[in-house]
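# Fold and geometry: a report
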Amino acid sequence: PHGTFIGASVFGIAATRPDEIAQNVRLMAAHLDYVAPMVYPSHWGSGEYGLSSPESQPYEIVNASLEDFKTAVRGTGARVVPWLQDFSLAIPYGPDEVRAQIDATKDAGISEWLLWDPEVTYTAAGIPGAAKLPATGTARPKLKAFDRPEGAVGAEGPVDSGLAPNELGQVP
């Protein structure tokens, strides 16, 4: 009645191992508008979905896990809106890895996704030009150039949301 949506971010293994992570996606989805699984390739172990190195196989691990999430929410009315990885851990991540996850999401029949980078230095070259920014509701604006920290992946700067910084000088 308030024009809001309710969602829950869950761990990637929740679709297939709800008791192990204490997150039953099917039960939760019946009360949600969307489920946002954190399907970061770096967080999967060797052998998941038959993949020897999920972190170096971003398309395959994201696509396979999203199929399980789609099954888990089927019939509940909730949609799947995955969190995708835009940061490096053991494997350097850049435009190709980001785009592979976005393509896997699209190929799984899901048109929405969220990116996560704890340093908020998103890899713009991996993001399709038609991507929307929820904060502004408009097509992606021009990117600001900035000095990347040593060792950071990607040549482009973060997406400029157009929002003013808070009292700490940061845009959350």
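Look a little higher up for the structure.
Keep in mind the model is a prediction, meaning the values are calculated, not measured.

## Quick notes on the side chain of Asp117
Tracing the sequence through the fold places Asp117 in the loop between β5 (114-116) and β6 (132-133). The class for Asp117 is buried, based on a relative accessible area of 3%. Looking at Asp117, its side chain comes within polar contact range of the side chain of Thr121, at 2.6 Å. Those residues in contact with Asp117, other than ones at most four positions away along the chain, are Asp86, Phe87 and Tyr122.

## What about the environment of Ser9?
Structurally, Ser9 is set in strand β1 (residues 7-11). On the basis of relative accessible area, Ser9 is assigned to the partly exposed category, the value being 40%. Separated by 25 residues in sequence, Ser9 and Tyr34 place their C-alpha atoms 8.8 Å apart. For Ser9, the contacting residues outside a window of four places in its chain are Gln23, Ala36, Met38 and Trp83. A distance of 2.9 Å separates a polar atom in the side chain of Ser9 from a polar atom in the side chain of Trp83.

## Re the packing of aromatic side chains
With the rule as written, the count across this model stands at three aromatic pairs. Ring centres 5.6 Å apart and planes at 70° place the aromatic pair Trp44 and Tyr49 in the edge-to-face group. We classify Trp44 as buried; its relative accessible area is 7%. Residue Tyr49 is classed as partly exposed on the basis of its relative accessible area, which comes to 29%.

## What about the nonpolar core?
The biggest cluster of nonpolar side chains holds 30 residues, and the ones touching the most others in it are Val25, Val35, Val39, Val62, Leu66 and Phe69. Broken down by secondary-structure element, the contributors of at least two residues to this core are β1, α2 (25-29), α3 (58-73) and α4 (95-107). When residues of this core are assigned to their parent elements, the largest contribution, six residues, is made by α3. Val39 has contacts with Gly12, Trp44, Val62, Ser65, Leu66, Phe69, Pro82, Trp83 and Leu84, leaving out every residue within four places of it along the chain.

Parameters and conventions
- Residues numbered from 1 in each chain as written.
- Predicted model: local features only at pLDDT ≥ 70, side-chain atom pairs only at ≥ 80, totals over all residues.
- Heavy atoms only, no water.
- Helix = DSSP H or I, 4+ residues; strand = E, 2+ residues; numbered from the N terminus.
- Buried < 20%, exposed > 50% of the residue type's maximum accessible area, 1.4 Å probe, protein only.
- Polar contact = N/O pair within 3.5 Å; in protein donor to acceptor, adjacent residues only side chain to side chain.
- Contact = heavy atoms within 4.5 Å.
- Phe/Tyr/Trp six-rings, centres within 6.5 Å; stacked < 30°, edge-to-face > 60°.
- Core = buried A, V, L, I, M, F, W, Y, C linked by side-chain atoms within 4.5 Å.

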